[in-house]
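# Coordinates in review
The residues making up each chain are set out below.
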Amino acid sequence: MNILNNRYDFTTLSFLDLFGGTGAISYEFASRGTEEIDIIETDRRNCEFIRKTLRQFEMKSARLHRMDVRDWLKICHRQYDIIFADPPYDLRWLTEIPDMVLGSGAVNEKTVFILEHPRSLDFKNQKAFLEHRNYGNVNFTFFKPVSAV
């Protein structure tokens, strides 16, 4: 979050959290004043936990959608400033996620897409590659739509 803190005014952002998990990254954005947050998660238990947490902390700016990320990206026409994906590291189609996201209606020319992924994957040769950050075993690759790179 520190790298984003230095680059963005969170109160003006729209944020899409793909593979919401426990919702932690969305809570971080909400706690910094982000008003437009969509969380996509398929697991029933994770969704129940996220719903409970959103209610408990009165995070009215976040909306939870229980559906597959691929389905969401096919129907999404709302554009976001930041899109974050933290898929399971063993997801068979993890390497396809950047193209899916950047080819979706969720992206505009200013969107930044951040993918958390295992060290074994390298996206530096992708056209939309912007930068890579490594924090121990956690890797983040930042992408920008090709027209904006």
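Relevant structure appears above.
So, a few notes on the structure that sits alongside this text. Keep in mind that what you see is a predicted model, and the values were worked out from it rather than measured. (Residues numbered from 1 in each chain as written. Predicted model: local features only at pLDDT ≥ 70, side-chain atom pairs only at ≥ 80, totals over all residues. Heavy atoms only, no water.)

## What about the overall build of the protein chain?
Scanning the protein chain from terminus to terminus reveals 5 helices and 7 strands. Written out in order from the N terminus, the α and β elements of the protein chain read α-β-α-β-α-β-α-β-α-β-β-β. Counting only C-alpha atoms and orienting by the principal axes, one finds that the protein chain spans roughly 45 × 35 × 35 Å. Each of the 149 residues in the protein chain was classed as buried or not, and the buried ones make up 48%. For the protein chain, the proportion of contacts with a sequence separation of at least 24, taken over those separated by at least 6, is 60%. (Helix = DSSP H or I, 4+ residues; strand = E, 2+ residues; numbered from the N terminus. Buried < 20%, exposed > 50% of the residue type's maximum accessible area, 1.4 Å probe, protein only. Contact = heavy atoms within 4.5 Å.)

## Structural notes on unusual backbone geometry
In the Ramachandran plot, Phe-19 falls in the positive-phi region, its phi being about 65° despite a non-glycine side chain. One can find Phe-19 in the loop between β1 (14-18) and α2 (24-31). Of note, the phi angle at Glu-58 is positive, near 50°, even though the residue is not glycine. Structurally, the position occupied by Glu-58 is in the loop between α3 (44-56) and β3 (62-66). A relative accessible area of 60% places Glu-58 in the exposed class.

## Describing the nonpolar core
In this structure, Leu-18, Ile-83, Ile-97 and Phe-113 are the most contacted members of the largest nonpolar core, which totals 24 residues. Going through the elements one at a time, β1, α4 (69-75), β4 (82-85), α5 (97-102) and β5 (112-117) are the ones with two or more residues in this core. Ignoring anything within four residues of it in the chain, the contact list for Leu-18 reads Ile-40, Val-69, Trp-72, Leu-73, Ile-83, Phe-84, Ala-85, Asp-86 and Val-101. Counting residues in each nonpolar core, the second largest holds 23 residues, with Ile-3, Phe-10, Ile-25 and Phe-140 among its members. (Core = buried A, V, L, I, M, F, W, Y, C linked by side-chain atoms within 4.5 Å.)

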